[in-house]
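Reading the structure
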Amino acid sequence: MVDTETFVPDAIDEIESEIGDANAVIALSGGVDSSVAAALAYEAIGDRLTPVYVDTGLMRKGETDQIRETFDYMESLRIVDAKDRFLEALSGVTDPEEKREVIGEQFIREFEREATDADADYLVQGTIYPDRIESEGGIKSHHNVGGLPEVVDFEGIVEPVRDLYKDEVREVARHLGLDEIVAERMPFPGPGLAVRVIGEVTEEKLEVARHACHVVEEELEEYEPWQALAAVIGKATGVKGDNRVHGWVVSVRSVESRDGMTARAQEIDWDTLQRIQSRITGQNENVARVVYDVTHKPPATIEYE
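As recorded in an unreviewed UniProt entry, the protein chain goes by the name GMP synthase [glutamine-hydrolyzing] subunit B, listed as coming from Natronobacterium haloterrestre. Under the heading Catalytic activity (unreviewed entry), UniProt records this for the protein chain: "XMP + L-glutamine + ATP + H2O = GMP + L-glutamate + AMP + diphosphate + 2 H(+)". On record in UniProt, under Pathway (unreviewed entry), the comment for the protein chain is "Purine metabolism; GMP biosynthesis; GMP from XMP (L-Gln route): step 1/1."

This is how it looks when you write it as structure tokens:
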């Protein structure tokens, strides 16, 4: 476990040393990793840090409003509406790795534009150790590691929590006094809902996934999962009223883990699963059925793509 008393001042000193007198932008997602990286960088360089939240259109329900509320103390916070640009870039893309590469490149281009406006030479990211291991090991590319384009218009990329596991990042968040909603927030993938939609990313599938994920997080809160999610995995026949429909199949997943490197599917009681499927199918006429994923990691990954 990380020694926060030593780690925090060392990380701040390292950020100061890497960035020097320059300006920096930070990729802020609202998750614990980027929030801790932002807090550390803000301590290190103060107003020379510009936090940037990019609304990709791939975020969970209410994410943008939550970002405004949580980080309103940072006067230089910028919220970028990039939904149309991301969806256009993802149009026709079905391969999981290609999705991640497209998202990684689009993220960088968004931050390059914001960095130009902020006269910033450095990009700060909340990359953590499992991100690096999975990208370097070929399991999947993370948009802030293996998904980065070869040419990046920054003098340097600073990753203050790159050697920490998720539970260690949470310890640092508590040490820094970050709000509980941030410190204890459930992991959410960098590429967002794009990796919870099998095949091409469309607005319809994103809306189904966004609503289903919201339902799952609400219903499974009492189980205190490491991560709980829903994914749109295909289509199947169903019956709505007296009509046969060909609707979306939503897979629900809930796992226990310590660091995300391995995970075990949680045992969820039948009544809870029925309540989840009833809400998802009842509130979205385009969903034909809901299934529950019982696969551990390995052999599966936590996310679907």
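On to the nonpolar core, then. Counting 80 residues, the largest nonpolar core has Phe7, Ile19, Leu40, Leu58, Val124 and Ile280 as the members making the most contacts within it. Take this core: its biggest share by element is 8 residues, from helix H2 (residues 32–45). Counting contributing residues, this core receives three or more from each of domain 1 (4–183) and domain 2 (203–292). If we ignore the near neighbours within four places in the chain, the residues touching Leu58 are Phe86, Leu87, Leu90, Ile103, Phe188, Pro191, Gly192, Leu193, Ala194, Val201, Leu206 and Arg210. Counting residues in each nonpolar core, the second largest holds 5 residues, with Leu229, Val255, Ala263 and Ile302 among its members.

Here the focus is the pairing of strand S7 (residues 243–256). Judged from the 13 bridges that link them, strand S6 (residues 227–240) and S7 form a sheet pairing that is antiparallel. Paired with Val232 across the bridge in S7 is Val250. What sits between the antiparallel neighbours S6 and S7 is a turn of 2 residues, in which Gly241 has the positive phi angle 70°. In terms of strand pairing, S7 meets strand S8 (residues 264–265) through 2 bridges, oriented antiparallel. Paired with Val255 across the strands is Ala265, a residue of S8.

Between its first and last C-alpha atoms H2 spans 20 Å; for 14 residues at 1.5 Å apiece the expected length is 20 Å, and the two agree. Among the 14 residues in H2, 12 count as buried, and that is most of the element. Listed as buried for H2 are Val32, Asp33, Ser34, Ser35, Val36, Ala37, Ala38, Ala39, Leu40, Ala41, Ala44 and Ile45. With its phi angle positive at about 60°, Gly46 sits one or two positions after the end of H2.

Once that is clear, we can look at the layout of surface pockets. Quantified by volume, the largest pocket comes out at close to 780 Å³. Looking at the largest pocket, it is lined by 21 residues, and the ones nearest its centre are Glu184, Arg185, Met186, Glu217 and Glu221. Counting only elements with at least two residues in the lining of the largest pocket, the list comes to helix H8 (180–183) and helix H9 (203–219). Considering each element in turn, the lining of the largest pocket owes the most residues, 5 residues, to H9. Across the lining of the largest pocket, the residue classes tally to 6 nonpolar, 4 polar and 11 charged. By volume, the second largest pocket amounts to about 240 Å³. Asp55, Gly57, Lys83, Glu207 and Arg210 are, among the 16 residues lining the second largest pocket, the residues nearest its centre.

Okay, the packing of H9 against helix H10 (residues 270–283) next. Working note: a packed helix pair is described by the angle between its axes plus the distance between those axes. For the pair H9 and H10, interaxial distance at closest approach is 10 Å and the crossing angle is 155°. When the axis of H9 is compared with that of H10, the two are roughly antiparallel. The handedness of the crossing between H9 and H10 comes out as right-handed. Residues His211, Ala212, Val215, Val216, Glu218 and Glu219 of H9 form the contact with H10, whose own contacting residues are Thr272, Arg275, Ile276, Arg279, Ile280 and Gln283. Of the residues assigned to the contact of H9 with H10, the class counts are 5 nonpolar, 3 polar and 4 charged.

Strands pair in a sheet through their backbones, by hydrogen bonds, and they do so in one of two ways: parallel or antiparallel. Read across the sheet, 5 strands follow the order S3-S2-S1-S4-S5 without closing on themselves; strand pairing throughout is parallel. Two strands lie at the open edges of the sheet, namely strand S3 (78–81) and strand S5 (156–158), each paired on one side alone. When the angles between neighbouring strand axes are averaged without regard to direction, this sheet yields 30°. Running over the sheet, helix H1 (residues 4–19) touches strand S1 (24–27), strand S4 (122–124) and S5 and is turned about 170° from S5.

The N-to-C vectors of helix H4 (residues 83–90) and helix H5 (residues 96–118) enclose an angle of 145°; their axes lie 10 Å apart at closest approach. Here H4 and H5 pass one another in a crossing that is right-handed. Contact residues: Arg85, Phe86, Ala89 and Leu90 in H4; Lys99, Val102, Ile103, Gln106, Phe107, Glu110 and Arg113 in H5. Across the contact of H4 with H5, the residue classes tally to 6 nonpolar, 1 polar and 4 charged.

It is worth spelling out the domain arrangement of the protein chain at this point. Its domain assignment divides the protein chain into domain 1 (4–183) and domain 2 (203–292). A C-alpha centroid distance of 28 Å is found between domain 1 and domain 2. On the domain 2 side, the residues contacting the 12 residues of domain 1 number 10 residues. Interface area, domain 1 with domain 2, both sides summed: about 1000 Å², of which 62% is carbon and sulfur. Contact with domain 2 buries surface across domain 1, with Lys61, Tyr165 and Asp167 losing the most and accounting together for 39% of the total. Run the count over domain 1 and domain 2 and you get 2 salt bridges. The closest approach of N and O atoms between Arg258 and Asp167, which form a salt bridge, is 2.8 Å.

Cut-off values and rules
- Residues numbered from 1 in each chain as written.
- Predicted model: local features only at pLDDT ≥ 70, side-chain atom pairs only at ≥ 80, totals over all residues.
- Heavy atoms only, no water.
- UniProt positions renumbered as here; feature names shortened; annotations may be inferred.
- Core = buried A, V, L, I, M, F, W, Y, C linked by side-chain atoms within 4.5 Å.
- Buried < 20%, exposed > 50% of the residue type's maximum accessible area, 1.4 Å probe, protein only.
- Helix = DSSP H or I, 4+ residues; strand = E, 2+ residues; numbered from the N terminus.
- Domains from an automatic or database assignment.
- Contact = heavy atoms within 4.5 Å.
- Pairing = 2+ DSSP bridges.
- Expected span 1.5 Å × (residues − 1).
- 1 Å grid on protein atoms, 1.4 Å probe; cavity = no way out; pocket = protein on both sides within 12 Å on 5 of 7 lines; lining within 4 Å.
- Points joined across faces, edges and corners; volume = space filled by probe spheres on them.
- Nonpolar A, V, L, I, M, F, W, Y, C, P; charged D, E, K, R; others polar.
- Axes fitted to C-alpha atoms, helices over the stretch in contact; angles between N-to-C directions.
- Parallel < 35°, antiparallel > 145°, perpendicular 65-115°, else oblique.
- Left-handed = near helix turned anticlockwise from the far one by under 90°.
- Buried area = accessible area lost by both parts, 1.4 Å probe.
- Salt bridge = Lys/Arg side-chain N within 4 Å of Asp/Glu carboxyl O.

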